[in-house]
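Structural overview
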Amino acid sequence: MPSFSFREGVEVDKECLAGMLEAFPAKFGWFLSVGYLPHYWQVLFHANNNDERLVRFRHLVAGRRGGKTLSAAWEVLFYCLFPEQFHLDLHGESRDAPLWVWALSASYKVGRPSYLTFRKVITDAGLVIGKDVKENRGDLRFEFANGSLVEFKSAEDPQSLRGAGLDILWMDEAAFIKSEEAWLVTRPSLSDKRGMLITTTTPDGKNWFYDEFWSEDALNDENIGRVEYRSIDNPYFSKSEWEYVRQRYHPLLFNQEYCAAFDSMAGRDLSGDYRDWE
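Residues numbered from 1 in each chain as written. Predicted model: local features only at pLDDT ≥ 70, side-chain atom pairs only at ≥ 80, totals over all residues. Heavy atoms only, no water.

1. Comments concerning a negative patch on the surface
Rules: Patch construction takes residues with relative accessible area above 30% that form no salt bridge. Like charges are linked within 9 Å, and nonpolar side chains (Val, Leu, Ile, Met, Phe, Trp, Tyr) are linked within 5 Å. Exposure was quantified through the Shrake-Rupley algorithm and a 1.4 Å probe, taking into account, for residues, occlusion by the shown protein chains and nothing else. In the sections that follow, a salt bridge refers to a side-chain nitrogen of Lys or Arg positioned within 4 Å of a carboxyl oxygen of Asp or Glu. We score Asp and Glu as negative and Lys and Arg as positive, and we do not count His or the chain ends. Charge positions come from single atoms, namely NZ of Lys, CZ of Arg, CG of Asp or CD of Glu. Helix and strand definitions here come from DSSP, where helices need a minimum of 4 consecutive H or I residues and strands a minimum of 2 consecutive E residues; each element is numbered from the N-terminal end. To sort residues, take the accessible area from a 1.4 Å probe on protein chains only and compare it with the maximum for the residue type: under 20% means buried, over 50% means exposed, and anything in between is partly exposed.
Taken together, the side chains of Glu-156, Asp-157, Glu-180, Glu-181, Asp-211 and Glu-212 make up a negatively charged region of the molecular surface. The topology assignment puts Glu-181 in helix H7 (residues 181–186). Judged by relative accessible area, Glu-181 falls into the partly exposed class, the value being 33%.

This is the structure:
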């Protein structure tokens with residue numbers, strides 16, 4: 001259960017950081033070569049591992065504008081371009097089979113930012129869409145020259161998500177998916193390939209997502225890793241904006257949206273709480 005939380009302090013552990021970078025030199029070397037400089041908490045996500053093998057189920061929970069969707073987009077892009085590195089980093093195997101990836105959101109509207117972010121990191125990496133990577137905007141998918149495929153999906157009809165054998169399932173804003181049904185339907189898709197789960201989200205109270213991945217059993221599962229941080233822990237987030245919002249935004253919403261607190265809105269009637277807020 002490799003977990004890292006701002007609640008345990010935000011001081012950079014340089015020894016830990018160095019060890020993580022050394023465990024995945026190809027990935028971090030490529031990130032640097034294309035100009036992606038992950039901050040401390042993003043590094044913890046990219047390198048969350050057990051004995052130098054990636055944790056299979058990784059959860060990145062952060063405040064708004066913390067860089068969580070961006071982190072997952074770069075992670076997925078790297079492994080789609082270098083599937084042999086994916087099989088090595090996750091399973092310790094020497095294979096180059098292309099990857100099948102789904103990016104799943106509560107709806108196509110909610111998933112649009114992840115689609116646009118992934119599209120942007122493709123071009124930021126120096127790739128040309130239409131030449132190096134095929135894009136099908138109608139089907140919301142990207143196909144790579146090596147055969148790797150990324151498809152953007154909606155959880156609005158969970159039963160339509162059956163059938164795939166996935167290498168990576170990326171659930172963006174996972175806590176805002178209506179119910180656990182979409183997860184229960186897609187979970188078997190990861191079984192035959194022992195695929196990887198990535199979730200990126202801001203909390204939405206203690207709902208199914210919290211129950212599934214923050215339960216006592218989950219907290220003791222070595223296959224599950226978590227990284228939790230606030231918006232302000234992103235060094236690119238404006239400190240003046242943080243203070244401005246903290247003073248003027250409803251404190252319950254501030255704790256959830258900017259401080260990544262699961263329990264801030266749990267059982268709350270916001271309209272009633274607003275009446276008591278001064």
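2. Examining the side chain of Lys-27
Note the cut-off: As used in this structure description, the phrase polar contact means that two N or O atoms lie within 3.5 Å; if the pair is within protein, one of them must be able to donate a hydrogen and the other to accept it, and residues adjacent in sequence are counted only when both atoms belong to side chains. Contact criterion: two residues are considered in contact whenever any of their non-hydrogen atoms come within 4.5 Å of each other.
Counting through the fold element by element, Lys-27 comes out in helix H2 (residues 25–33). Polar side-chain contacts of Lys-27 include one of 2.7 Å to the backbone oxygen of His-46. Reaching out from Lys-27, the side chain makes a polar contact with the side chain of Tyr-79 at a distance of 3.0 Å. Apart from the residues within four sequence positions on either side, Lys-27 is in contact with His-46, Leu-54, Glu-75, Phe-78 and Tyr-79.

3. Describing the pairing of strand S6 (residues 133–136)
To keep things clear, this is the line we draw: For two strands to be treated as a pair, DSSP must find no fewer than two bridges joining them.
Bridge analysis of S6 against strand S7 (residues 141–144) gives 4 bridges, and the strand direction is antiparallel. By the bridge assignment for S7, Lys-134 is matched with Glu-143. Hairpin connection, S6 to S7: the antiparallel pair is bridged by 4 residues, and Leu-140 has positive phi, about 55 degrees.

4. Notes on the sheet that holds strand S10 (residues 196–201)
What counts is decided by this rule: Axis lines are fitted through C-alpha atoms, for helices just across the contact stretch, and the angle between N-to-C directions can take any value from 0 to 180 degrees.
Taken in spatial order, the 9 strands of this open sheet run S1-S11-S4-S10-S9-S5-S8-S7-S6, and their pairing is mixed. Bordering the open sheet on either side are strand S1 (3–5) and S6, each of which pairs with just one other strand. The sheet shows a mean angle of 15 degrees between the axes of neighbouring strands, taken without regard to direction. Across 6 bridges, strand S4 (residues 57–62) lies against strand S11 (residues 224–229) in parallel orientation. Counted as the bridge partner of Val-61 is Glu-228 from S11. Along the sheet, helix H6 (residues 108–124) contacts strand S5 (100–105), S6, S7, strand S8 (149–154) and strand S9 (168–172); its crossing angle with S8, the most-contacted strand, is approximately 160 degrees.

5. Re the pattern of salt bridges
Throughout the structure, instances matching the rule amount to 12 salt bridges. Across the salt bridge formed by Asp-167 and Lys-193, the nearest N and O atoms sit 3.3 Å from each other. In this pair, Asp-167 is assigned in the loop between S8 and S9 and Lys-193 in the loop between H7 and S10, connecting sequence segments 26 residues apart. Using a relative accessible area of 4% as the deciding quantity, one classes Asp-167 as buried. Exposure remark for Lys-193: the relative accessible area of 31% places this residue in the partly exposed category. Measuring nitrogen to oxygen at the nearest pair gives 2.9 Å for the salt bridge that ties Arg-230 to Asp-233. You can call Asp-233 buried: its relative accessible area is 12%. Residues participating in the shared-partner salt-bridge network are Lys-27, Arg-58 and Glu-75.

6. Re a nonpolar patch on the surface
Together, Leu-32, Leu-37 and Tyr-236 line one region of the surface with nonpolar side chains, adding up to about 370 Å² of accessible area. Relative to the elements of secondary structure, Leu-37 occurs in the loop between H2 and helix H3 (40–46).

7. Focus on the environment of Glu-22
As for its position among the elements, Glu-22 is in helix H1 (residues 14–23). Taking relative accessible area as the criterion, Glu-22 reaches 63% and is therefore assigned exposed.

8. Observations concerning unusual backbone geometry
Located in the positive-phi region is Asp-51, a residue other than glycine, with phi close to 55 degrees. By the element assignment, Asp-51 lies in the loop between strand S2 (49–50) and strand S3 (53–54). In this structure, Arg-194 is a non-glycine residue whose phi angle is positive, near 50 degrees.

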